[in-house]
Amino acid sequence: MSQAPIDRGRWKTRIGFILAASGSAIGLGNIVFFSANAYKFGGGAFYLPYLLALFAIGIPVMMLEFGLGSKTGRAFPEALHIVAGKKGEFVGWWGILNAGFLTMYYITILSWVLGMLIGSFGALWQPTMAVPAFDIPEGVLPTATAYFFQMLTTAKPLIFVVIVWALNVLIIRRGVQSIEAVTKVFVPLMWIFMAILIVRGVTLPNGTQGVYLLFTPNFDVMKDPAVWQGAFSQIFFTLSLGFGTMVAYASYLPKNSDLAGNSFVTSFLNCGFEYLAGLAVFSVLFAFAIVPQASTLSMMFFIVPQGIAQMPAGVQLFGIVFFLLLLIAGLTSSVSLIEGIVSALRDKFGWARGKTIAVAAGIGVIGSCMFALPQVVDPGLENNGTIGLTLLDLIDHWVFSYGLLAIGLAQCILVGWVLGASKIRAYINENSSTRIGPWFDVLIKFVIPAALAFILGYSLYNEFQNGLYGMAYNENYREGAEFMRAAPVAVLMVWFLTSTFVALLLTKRGNYAQES
Ligand code: TRP
């Protein structure tokens, strides 16, 4: 199937590209997932595996993705098709479908953020709140938690989902042109908001305690492969690697771009922001002696607001800044995910941008609404009391801990061995200010695949040895919600079968126009 070449668009300036790429990287992952993971894996214990993962995996894979996108001038599936034929394309679509799942629930989370943002103008800071729908009297739950569950018992999140999708469509409608314009405003704003929160956090009494926790290493924990899996997944997620996002963004670069330089700058901006966000979050929690919870969502919706509520002054202002920051940081990330999907479909089918966005957003809204299902099954369960939230937690487990690393592994093998790591390196070096040496080939061909394969194998083994993720808490579901006990298996099947079969279907359908 050959088609007329579509107008793909170009970034106007290098700084525009860097803002957009770092805007993609900096998102919910930096502000809340990082803090939650760092806490879960022992505070300071996390940062050695994290830094190692950044330098040995994150930056090289970012270079690979920038190189792949720029060299081919195509989105993920076609880029891998050019490199490795049909099997490459299959891997590409597998990644795009995982990006689809991620986009759906990422936007659901953003819709809850929007709801909390509205609440932070007042209701969220009342001393107590009841959740009448479940006969939970006032004062039982902290206000933020009560507000969140109260919101989930209504259909409001469904409306918020539609609003957040509409915002995404608006930002993405002209492709890189409108994305560049919006990120130029949003990304600097994010840094300003973060600066405000940090200054507030560390100047609170005991605020610096949190900083110590984040930087006190604990070498014992590093023997646990789970820490490494956490660090690897976090690096892939936070740098927007693995699901074709950075490949798509780089496909809009002019040919003479400094790819190595762009990779370093984007990665450092992202991880710098991440560490600063960690400082802000931990300082607030320590100042008020709040025990952080490992669950990322409770961190974002219950724990941090609980800290803000106790601030001596300006509670409402800091609350608004926090949720507004989450919203704009999340938006610049979700648009990149959608652009990765839209550009993949356009490259394949030659559709017009408007039509492609309509198809993607149409399916996406339905998916996001599913994760926003308001029915609360059991608010007594730590953080999984609602159907939507439970589904979200389960699908996130597979996409985050397995999908990202599996695609990362396949991508390194395809580019490293089939195309040849030295070829992509030579291409990157053509216009780069810093030349990358043969170490790159060694990392892409041997070290990264071996590390990812080991971690994936080990985690899978554990998964089936110690019980499928989510099985334990689902046994707690009360009468009337027994069907939820089958959810862990059902979600695993839906994720795996959808990714595989739809990727096969898309790969089988027609060929790309002959590439040079
Ligand atoms: N990096 C973003 C964050 O930290 C999320 C994100 C955007 C992402 N695009 C991605 C994660 C692609 C994985 C793959 O929130």
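Our subject is the structure that appears above.
What counts and what doesn't
What you see as residue numbers is a count from 1 along each chain, following the sequence as written. Given that the model is predicted, a residue must reach a pLDDT of at least 70 before its local features are reported, and side-chain atom pairs must reach 80 or more before they are shown or counted; all residues, however, enter totals for whole chains, interfaces and linings. Values reported for side chains reflect all heavy atoms of the structure, with hydrogen atoms and water molecules removed beforehand. Each helix is a run of DSSP H or I of at least 4 residues and each strand a run of E of at least 2, with the numbering of both proceeding from the N terminus. Note on classification: 1.4 Å probe, protein chains only; a residue is buried when its accessible area is under 20% of the maximum for its type, exposed when over 50%, partly exposed between these limits. Should any heavy atoms of two residues lie within 4.5 Å, those residues are counted as being in contact. Here an axis means a line fitted to C-alpha atoms, over the contact stretch when the element is a helix, while the angle between two N-to-C directions is reported on a 0 to 180 degree scale. By definition in this entry, angles of less than 35 degrees are roughly parallel, angles greater than 145 are roughly antiparallel, angles of 65 to 115 are roughly perpendicular, and the rest are oblique. Handedness of a crossing is defined here by the sense of rotation of the near helix relative to the far one, left-handed for an anticlockwise turn of less than a right angle and right-handed for a clockwise turn. Residues are sorted three ways: Asp, Glu, Lys and Arg are charged, Ala, Val, Leu, Ile, Met, Phe, Trp, Tyr, Cys and Pro are nonpolar, and all the rest, Gly among them, are polar. Here a residue is considered near a molecule or strand provided that any single heavy atom belonging to it is located within 4 Å of it. Pairs of N or O atoms within 3.5 Å make up the polar contacts considered here, provided that, within protein, one atom can donate a hydrogen while the other can accept it, and that residues adjacent in sequence are counted only when both atoms are side-chain atoms. Only buried residues count toward a nonpolar core, which is a set of Ala, Val, Leu, Ile, Met, Phe, Trp, Tyr and Cys residues joined through side-chain atoms within 4.5 Å. A pairing counts as a salt bridge when a side-chain nitrogen of Lys or Arg comes within 4 Å of a carboxyl oxygen of Asp or Glu.

**Q** Outline the environment of G364, supporting the account with residue identities and numerical values.
**A** For G364, the position within the fold is in helix α14 (residues 353-371). Of the residues examined, G364 reaches a relative accessible area of 3% and is grouped as buried. Along the chain, G364 and F101 lie 263 residues apart, while their C-alpha atoms are 8.6 Å from each other. In contact with G364, not counting residues within four places along its chain, are M104 and W165.

**Q** So, the packing of helix α4 (residues 76-119) against helix α6 (residues 156-172): which residues are in play, and what are the values?
**A** One can describe the packing of α4 onto α6 by two numbers: an axis separation of 8 Å at closest approach and a directional angle of 110°. Between α4 and α6, the angle is such that the two are roughly perpendicular. As for how α4 packs across α6, the hand of that crossing is right-handed. Residues T103, I107, T108, L110, S111, W112, L114, G115 and I118 of α4 form the contact with α6, whose participating residues are P157, F160, V161, I163, V164, W165 and N168. Looking at the contact of α4 with α6, its residues break down into 11 nonpolar, 5 polar and no charged.

**Q** For the site of the ligand, give the residues involved together with the corresponding values.
**A** Within the structure, the ligand sits among 18 residues, and A25, G29, Y106, F237 and S240 are positioned closest to it. Between a nitrogen atom of the ligand and a side-chain N or O atom of T245, the distance comes to 3.5 Å. For the shell around the ligand, the elements supplying multiple residues, two or more each, are α1 (14-25), α2 (28-40), α4, α9 (225-238) and α13 (315-349). A per-class count over the shell around the ligand returns 9 nonpolar, 9 polar and no charged.

**Q** Talk me through the nonpolar core; I want residue IDs and the actual numbers.
**A** Judged by nonpolar contacts, the single largest core of 187 residues is most densely connected at I31, I109, W112, M300 and F301. Here the element with the most residues in this core is α4; it accounts for 24 residues. Once you skip the residues sitting within four places of it in the chain, W112 turns out to touch F148, M151, L152, P157, L297, F301, F371, A372, L389 and L392.

**Q** Help me get a handle on the pattern of salt bridges, residues and values and all.
**A** Inspection of the entire model under this criterion finds 7 salt bridges. E78 is the salt-bridge partner of R74, the closest N and O atoms lying 3.3 Å from each other.

**Q** Give me the lowdown on the environment of Q126, citing residues and values where you can.
**A** Structurally, the position occupied by Q126 is in the loop between α4 and α5 (143-152). With 62 residues separating them in the primary sequence, Q126 and P188 have C-alpha atoms 32 Å apart.

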